Amino acid sequence: MNNNFDVIIIGGGPGGYVCAIRCAQLGLKTACIESRDTLGGTCLNVGCIPSKSLLNSSEMYHKAQKEFHKIGIETENIKLNLSKMMNNKNKSVLTLTKGVEFLFKKNKITHLKGIGAISGKNIVTVRDHSGKDSTYNTKNIVISTGSIPTSLPGIKIDEKNIVSSTGALSFDKVPAELVVIGGGYIGLELSSVWKRLGANVTVVEYLDNILPGVDKDISDEFLKILTKQGIKFKLGSKVTDISNTKNRPTINFTKIESEEKGKIECDKVLIAVGRKPNIGKDIIDLGIKLDKRDQIQVNKKFETSIKNVFAIGDVIDKGPMLAHKAEDEGIAVAEIIAGQAGHVNYDVIPAVIYTSPEIAMVGKTENDLKKENVKYKVGKFPFLANSRAKVNNEAEGFVKIIAEASTDKVLGVSIISAVAGTMIAELALAMEFGASSEDIARTCHAHPTHSEAIKEAAMAVDKRPIHF
Ligand SMILES: Cc1cc2nc3c(=O)[nH]c(=O)nc-3n(C[C@H](O)[C@H](O)[C@H](O)COP(=O)(O)OP(=O)(O)OC[C@H]3O[C@@H](n4cnc5c(N)ncnc54)[C@H](O)[C@@H]3O)c2cc1C
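Remember, it's a predicted structure, so these values are computed and weren't measured experimentally.

A.B. asks: Mind showing me how you'd approach the layout of surface pockets here?
C.D. replies: In this model, the second largest pocket occupies a volume close to 1100 Å³. Glu 59, His 62, Lys 63, Glu 67 and Ser 356 are the residues nearest the centre of the second largest pocket, which is lined by 37 residues in total. Secondary-structure elements contributing two or more residues to the lining of the second largest pocket are helix H3 (48-66), helix H6 (185-196) and helix H7 (216-228). It is H3 that contributes the most residues to the lining of the second largest pocket, 10 residues altogether. Across the lining of the second largest pocket, the residue classes break down as 13 nonpolar, 12 polar and 12 charged.

Here is the structure:
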């Protein structure tokens, strides 16, 4: 093999593999190194894809058990076959990771299997699974090594009883008692999965509310909905330690305000307190500049502090740790390397939580705007007044649009709805085009669709919704 490349990408997740494909499309001789057996990174192997498979299957199980009878579908003896559900998830993961492998072949990208490290100026070394090192020369290097789960001080994840999201995506039986530490999106998605499949779930969260960073109206409403679904919450509670005796973890915590102590015994505990950038020793040794959270510092062109070394995705100091953000950065950096004008608009990165109902948001929250001293107007429309949501018996939630007071430009949108994740794309597009709430209000939306609630919320910004 010719060992000279235009670009070598370290990490084959959504940032890295998309970057590789775009580089190849632009005529660059490209290699992508991945240490896992399969491509697709956290997202395809142990993140977005397996979690969404289990969310979908568990929701169907829950509906068949608890809701079908309400609309005249009588079912008997609905049984869970967890190993089949897991096989279905594994099959989806395999199909999609194989799909990326196919795209690499189609685009003539060299897939280097092993652990990659920058070993000198424009040199990358790959250690394969047998321990053999091979060296490659490259004009450009893109670091896209992603992120890994974090834990709490003194608490060791064993992926048996004390698990990260990876372990919680592969339990071989439904835990009777599951404690989830952390009320962020990963914790709440996995709480939903196991609650629907029959576990008693308690979420322990340090803050006074769930989903930090999400619009307060949304997180308050969502807390009520999840509580109604039977998930228990211990908010404002600091986990002090977890003992793991007789194969059953006990979580000790202290109520932050009252200093009252509590404990919960359970079968499994999921630590979902966040993820940290995956920084290899080579990055430290080279002295590539990191921020105080150990994320790689990059400029607008994704250049690190070292010439011709770029970085993208979860490992960098820009934007949220989300797959589509990593993908967009992969495209942008490929175009920059090829001499084009790649760009990512960090003001318009949608985020979705795939629970039931779903939560989706893009742009600023009221809280952000208060901090920035920006004057704004709010339009809200509940799904209770949306005909499609009503006939589908999914009338929980609302659309909330925030527009700048003087210009009416849409600055942020949050949605709770059964199909919020699909609906948010319209708003991201509107914001990319600098739309005002009036532009959305005057756009014809098909009837009956959940999306009519977007038009109504836009009209509500000007206090003139029709159906509410
Ligand atoms: C449970 C869970 C659910 C999630 N759900 C969603 C979701 O619904 N939507 C969403 O947008 N995001 C979701 N995410 C986040 C998403 O997975 C990440 O934001 C995304 O994968 C980041 O992409 P990346 O390419 O930066 O890194 P990664 O996907 O982490 O990929 C990095 C890859 O680099 C490889 N690697 C690391 N170091 C080396 C090395 N030295 N040599 C070779 N290879 C190396 C790793 O093996 C890995 O495969 C979820 C995450 C989790 C854990």
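A.B. asks: What is the right way to look at the packing of helix H1 (residues 14-25) against helix H9 (residues 323-337) in this model?
C.D. replies: In a packed pair of helices, the relevant descriptors are the angle between the two axes and the axis-to-axis distance. Where H1 meets H9, the axes come as close as 7 Å, and the angle between the chain directions of the two elements is 30°. Taken as axis vectors, H1 and H9 run roughly parallel relative to one another. At the point where H1 passes H9, the crossing takes the right-handed sense. Counted together, Pro 14, Gly 15, Tyr 17, Val 18, Cys 19, Arg 22 and Cys 23 of H1 and Ala 323, Ala 326, Glu 327, Gly 330, Ile 331, Val 333, Ala 334 and Glu 335 of H9 form the full contact between these two elements. For the contact of H1 with H9, a count of residues per class yields 10 nonpolar, 2 polar and 3 charged.

A.B. asks: Sorry, what's going on with the site of the ligand here?
C.D. replies: In the vicinity of the ligand, 38 residues are found, and the nearest of them are Glu 34, Arg 36, Thr 42, Lys 52 and Ala 323. Note that an oxygen atom of the ligand is positioned 2.6 Å from one of the side-chain N or O atoms of Thr 42. Bound to the protein, the ligand loses 94% of the 1000 Å² it would expose on its own. Of all the secondary structure elements, the ones that give two or more residues to the shell around the ligand are H1, strand S2 (30-34), helix H2 (41-46), H3, strand S4 (115-120), H6 and H9. Here the shell around the ligand takes 4 residues from H2, the largest share from any one element. Looking at the shell around the ligand, its residues break down into 14 nonpolar, 19 polar and 5 charged.

Calculation criteria
Residues numbered from 1 in each chain as written. Predicted model: local features only at pLDDT ≥ 70, side-chain atom pairs only at ≥ 80, totals over all residues. Heavy atoms only, no water. 1 Å grid on protein atoms, 1.4 Å probe; cavity = no way out; pocket = protein on both sides within 12 Å on 5 of 7 lines; lining within 4 Å. Points joined across faces, edges and corners; volume = space filled by probe spheres on them. Helix = DSSP H or I, 4+ residues; strand = E, 2+ residues; numbered from the N terminus. Nonpolar A, V, L, I, M, F, W, Y, C, P; charged D, E, K, R; others polar. Axes fitted to C-alpha atoms, helices over the stretch in contact; angles between N-to-C directions. Parallel < 35°, antiparallel > 145°, perpendicular 65-115°, else oblique. Left-handed = near helix turned anticlockwise from the far one by under 90°. Contact = heavy atoms within 4.5 Å. Near = heavy atom within 4 Å. Polar contact = N/O pair within 3.5 Å; in protein donor to acceptor, adjacent residues only side chain to side chain. Areas by Shrake-Rupley, 256 points an atom, 1.4 Å probe, with all protein chains shown as cover.

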